[in-house]
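Secondary and tertiary structure notes
Take a look at the letters that make up each chain.
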Amino acid sequence: MSVSHYTHAPRRGPALDVAVVGGGMVGAAAALALARAGFATALLEARAPQPWHADDEVDLRVVGLAPSSIALLEDLGVWTSIRQSRCGPYAHMHVWDAENGAAIDFDAADEGRDLLGHIVENNLVQWTLWQALEAAGVRRLCPAEVLGLDAREDRVVLDLAGGESLSARLVVAADGAASPLRAMAGIGVRGHDYAQRAVVAHVATERPHGRTAWQRFLPTGPLALLPLADGRSSIVWSLPEAEAQRVLALDDEAFMGELGVASDFRLGRIVSTTKRAAFPLRLQLAEAYQAERLVLLGDAAHAVHPLAGQGVNLGLRDVAELRDVLVAAREAGRDFAAAHVLRRYARRRRSADTLDARGFDALARIYAWQAPALVAVRGLGVRLLDRLAPLKRRLAEHAAGL
């Protein structure tokens, strides 16, 4: 997906071209991208993000931004501010199997790049985008709650709490995995619960992370140690529900001891930890990405296992695709919210997102194999992949969104 700069185009028709519902990272990025492309845009959000300050503790929720996401944020004029605030760049990734020792390494230099990506706090990205919205002319409605929608021939009318209404030629649903708008539009979902939780915390280790993202696949699920800007590592430890609850209840010393064992002491002992939190893991794909004058993107469209760290990146690729499709339709003199235009976006992104989501799901299942023969086969496959430079390069390019 190429990311281009769009200048403002004349605004015609209804006063509001697009209403984006949901102001997380993906929703805010969508509103900003569409406004900068010349669409009269409003963002409806239940609550504003918490202000980000450099002296605050690092947000427990972090995202690994791939080059495709960074290119979009650069085009939106916010990446420099994010990068200069607090980012953990990484140039290497080491993935290994606790059961058979098979490992695979990715190095940015092998791809002709300086970095594989950046580890960034969710709240920093959200706050930076939120601040940029006003200057881009986005009408921010916050707090706002959508109680109903009525799709008409030329627009959608949103009924809001408090008795007000808002109309737009297109509604973008970016209101999360539970998406009330998706349900109002009659779009179902498919998927399954992993019966796991991802335990997150920030830890300091004896040895430096070396600008490397580390991931160990354990019988209970993957453990990732992601490099933070301050030298610590952010952990994402996927565990069965009961085990996650047990780990959350440990005191700090016991937790650090168990985490050291789980990480194979790859960075030495764990010497300090923050508080811990956990969130449930689920595979969920919307059965359609569009309805009449409405599209889904981000978690409203797809929720994936965090083992590949691609959830937000997929959502930001949705944003770039939607913007490009709408701009192309407008420049061709067509109704940018017409069904055939939205189908183009839905077809492209649903195909790509489904392929990725199913791939991550298959990987989680393969690493859950416990039978000795299957563990051996898995190890053989990983070692072979590590030696096949062209295939490994293609995987790295796909993860980067290139």
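All of the points below concern the structure found in this document. (Residues numbered from 1 in each chain as written. Predicted model: local features only at pLDDT ≥ 70, side-chain atom pairs only at ≥ 80, totals over all residues. Heavy atoms only, no water.)

Observations concerning the packing of aromatic side chains
Evaluation of the coordinates by the stated rule reveals four aromatic pairs. Arranged with centres 4.9 Å apart and planes meeting at 70 degrees, the rings of Phe39 and Phe336 form a pair that is edge-to-face. One end of the pair, Phe39, is in the loop between helix H1 (25-36) and strand E2 (41-44); the other, Phe336, is in the loop between helix H8 (311-331) and helix H9 (339-366), and 297 residues separate them in sequence. Grouping residues by exposure puts Phe39 and Phe336 together as buried. Ring geometry for Phe217 and Tyr367: centres 3.7 Å apart, planes at 15 degrees, overall stacked. A residue pair is termed long-range when its members are at least 10 positions apart, and Phe217 in strand E14 (residues 212-218) and Tyr367 in the loop between H9 and helix H10 (372-387) qualify at 150 residues. Looking at Tyr367, the relative accessible area reads 10%, which means it is buried. The aromatic ring of Phe255 is capped on one face by Arg276, whose charged end is 4.2 Å from the ring centroid. Directly above the aromatic system of Phe39 lies the positively charged group of Arg330, at a separation of 4.4 Å from the ring centroid. (Phe/Tyr/Trp six-rings, centres within 6.5 Å; stacked < 30°, edge-to-face > 60°. Helix = DSSP H or I, 4+ residues; strand = E, 2+ residues; numbered from the N terminus. Buried < 20%, exposed > 50% of the residue type's maximum accessible area, 1.4 Å probe, protein only. Lys NZ or Arg CZ within 6 Å of the ring centre and 35° of its normal.)

As for the sheet that holds strand E7 (residues 117-121)
Reading across from one edge, E3-E7-E4 is the order of the three strands in this open sheet, with antiparallel pairing throughout. The open sheet terminates on both sides in strands that have one partner only, identified here as strand E3 (62-65) and strand E4 (87-90). Mean inter-strand twist for the sheet, computed between neighbouring axes without regard to direction, equals 20 degrees. Here E3 runs beside E7; their pairing, made up of four bridges, is antiparallel. Among the inter-strand pairings, Val62 is bridged to a residue of E7, identified as Glu121. (Pairing = 2+ DSSP bridges. Axes fitted to C-alpha atoms, helices over the stretch in contact; angles between N-to-C directions.)

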